[in-house]
Amino acid sequence: MYILNFIRGFCMALADSVPGVSGGTIAFILGFYDDFIDSLNSIISGKRLDRIKAFKFISKIGIGWTVGFILSAIFITSIFENNIYEINSLFLGFIIASIPLIVKSERKNLKINKMNLLYLLIGMIIVIAITYFNPITSSGSSLSVRIDNLNLLLIVYIFISGMIAISAMVLPGISGSTMLLIFGLYTPMLNAINQVIKFKFEYLPGFIIFGFGILVGLFVTVRTVRSLLRKFRGQTMYCIIGLMIGSIYAVIMAPKSLEIPMPPLSIDTFKFVFFAIGCILVPTLEKVKATLKSKDSNVVNKCSI
């Protein structure tokens, strides 16, 4: 399972590092969202044995995420900008292929009634509204905040931005990178990561403040989402599916959020081959996950015998 969890974390990082789809969406698509949220919650407030087990799981995801995010910061972001339509077509394939799988796996909790459909609509509206009213995508201009010359107001701003960005990364739907673009911190944070990697520490204080915002946002978001999934799973699942449907619009509009804005994804720029790859990868990874779980259960059964 180590390789699979590494791939999961790596895919989450790729999604988190570019505007469009969130790492939470990828976690849901790849079928480990509940385990991810439960493990984070156990690390935050679980018992000792639960924390150890959760840490082992999260560390495997985290290694893949760290490798993916560093590569994104150094190399892949520019590749994404140059090939944004290919990448967004791939993400569309991911999302559209995953929704039927999620509906199938959650069919016992997805009772169709007017109230549950309302939660679906709310999820869609949240992502579409954030994308539509994004000051960058609506104006076509790029905001930018300098984080190498801090004052009290900027410290608070960076901290709150970190809280909101990680909430978006954990929740399926809108990308945390899109939220950073809205706050004008996407390019400064990528630049800060690059500078710290090169042992240039002028941006380190701002980066640390952002990190503290992430930790606080993670604590609040994880506990809230886990509680909702346990107490109101059906309604929460409808809302999450709505967030994912709404993220289709966010992916289509994502090119407008780049540092150099580009037109939204259209029929002319849509890349069918990459879309097909995304549609094929999702059920393939689902089968890989099922195969590995089957092997793990067989090993456990043999050991118990």
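Data block above holds the structure.
Reading guide: rules and limits
Residues numbered from 1 in each chain as written. Predicted model: local features only at pLDDT ≥ 70, side-chain atom pairs only at ≥ 80, totals over all residues. Heavy atoms only, no water. Helix = DSSP H or I, 4+ residues; strand = E, 2+ residues; numbered from the N terminus. Buried < 20%, exposed > 50% of the residue type's maximum accessible area, 1.4 Å probe, protein only. Contact = heavy atoms within 4.5 Å. Areas by Shrake-Rupley, 256 points an atom, 1.4 Å probe, with all protein chains shown as cover. Core = buried A, V, L, I, M, F, W, Y, C linked by side-chain atoms within 4.5 Å. Axes fitted to C-alpha atoms, helices over the stretch in contact; angles between N-to-C directions. Parallel < 35°, antiparallel > 145°, perpendicular 65-115°, else oblique. Nonpolar A, V, L, I, M, F, W, Y, C, P; charged D, E, K, R; others polar. Expected span 1.5 Å × (residues − 1). Arc of directions from axis to C-beta. Phe/Tyr/Trp six-rings, centres within 6.5 Å; stacked < 30°, edge-to-face > 60°. Patch = residues over 30% accessible without salt bridge, like charges linked within 9 Å, V, L, I, M, F, W, Y side chains within 5 Å. Salt bridge = Lys/Arg side-chain N within 4 Å of Asp/Glu carboxyl O.

Caption draft 1: Spotlight on the overall build of the chain. When you go through the chain residue by residue, the secondary structure sums to 13 helices and zero strands. Counting from the amino terminus, the chain carries its helices and strands in the arrangement α-α-α-α-α-α-α-α-α-α-α-α-α. Taken across its 305 residues, the chain has 47% of its residues classed as buried. For the chain, the share of sequence-separated contacts (at least 6 apart) that also reach a separation of at least 24 residues comes to 79%. Summed over its atoms, the accessible surface of the chain is roughly 15500 Å², and 70% of this surface lies on carbon and sulfur atoms.

Caption draft 2: Quick peek at the nonpolar core. The biggest cluster of nonpolar side chains holds 45 residues, and the ones touching the most others in it are Ile 29, Phe 32 and Tyr 33. Here this core takes eleven residues from helix 5 (residues 84–105), the largest share from any one element.

Caption draft 3: Examining the packing of helix 11 (residues 204–231) against helix 12 (residues 233–253) more closely. In contact at an axis separation of 5 Å, helix 11 and helix 12 are set at 120 degrees when each is read in the N-to-C sense. Judged on the interaxial angle alone, helix 12 and helix 11 are oblique. Contacts from Leu 228, Leu 229 and Lys 231 of helix 11 reach helix 12 at Arg 233, Thr 236, Met 237 and Ile 240. Within the contact of helix 11 with helix 12, the residues separate by chemical class into four nonpolar, one polar and two charged.

Caption draft 4: Spotlight on helix 6 (residues 114–132). Over its 19 residues, helix 6 extends 26 Å from the first C-alpha to the last, a length consistent with the 27 Å expected when each residue adds 1.5 Å. Of all the positions in helix 6, only Asn 116, Leu 120, Gly 123, Val 127 and Thr 131 are classed as buried. Along the axis of helix 6, the buried positions cluster into a sector of 65 degrees, meaning they face one direction only. The exposed set on the far side of helix 6, more than 90 degrees from its buried face, consists of Lys 114 and Tyr 132.

Caption draft 5: Layout of the packing of aromatic side chains. Counted by the stated rule, this structure contains six aromatic pairs. Summarising the aromatic geometry, the rings of Phe 6 and Phe 10 are spaced 6.4 Å apart at their centres and angled 20 degrees between planes, so their arrangement reads as stacked. One end of the pair, Phe 6, and the other, Phe 10, are both in helix 1 (residues 2–17), four residues apart, so they sit about a helical turn from each other. Accessibility expressed as a relative area gives 23% for Phe 10, which makes it partly exposed. Pairwise contacts between aromatic rings join Phe 270, Phe 272 and Phe 275 into one cluster.

Caption draft 6: Summary view of a nonpolar patch on the surface. A contiguous nonpolar surface patch, about 900 Å² in accessible area, is contributed by Tyr 2, Ile 3, Ile 7, Ile 63, Val 67, Ile 70, Leu 71, Ile 74, Phe 75, Ile 79 and Ile 197. Breaking the nonpolar patch down by element, the ones donating at least two residues are helix 1 and helix 4 (48–82). No other element matches helix 4, which puts seven residues into the nonpolar patch.

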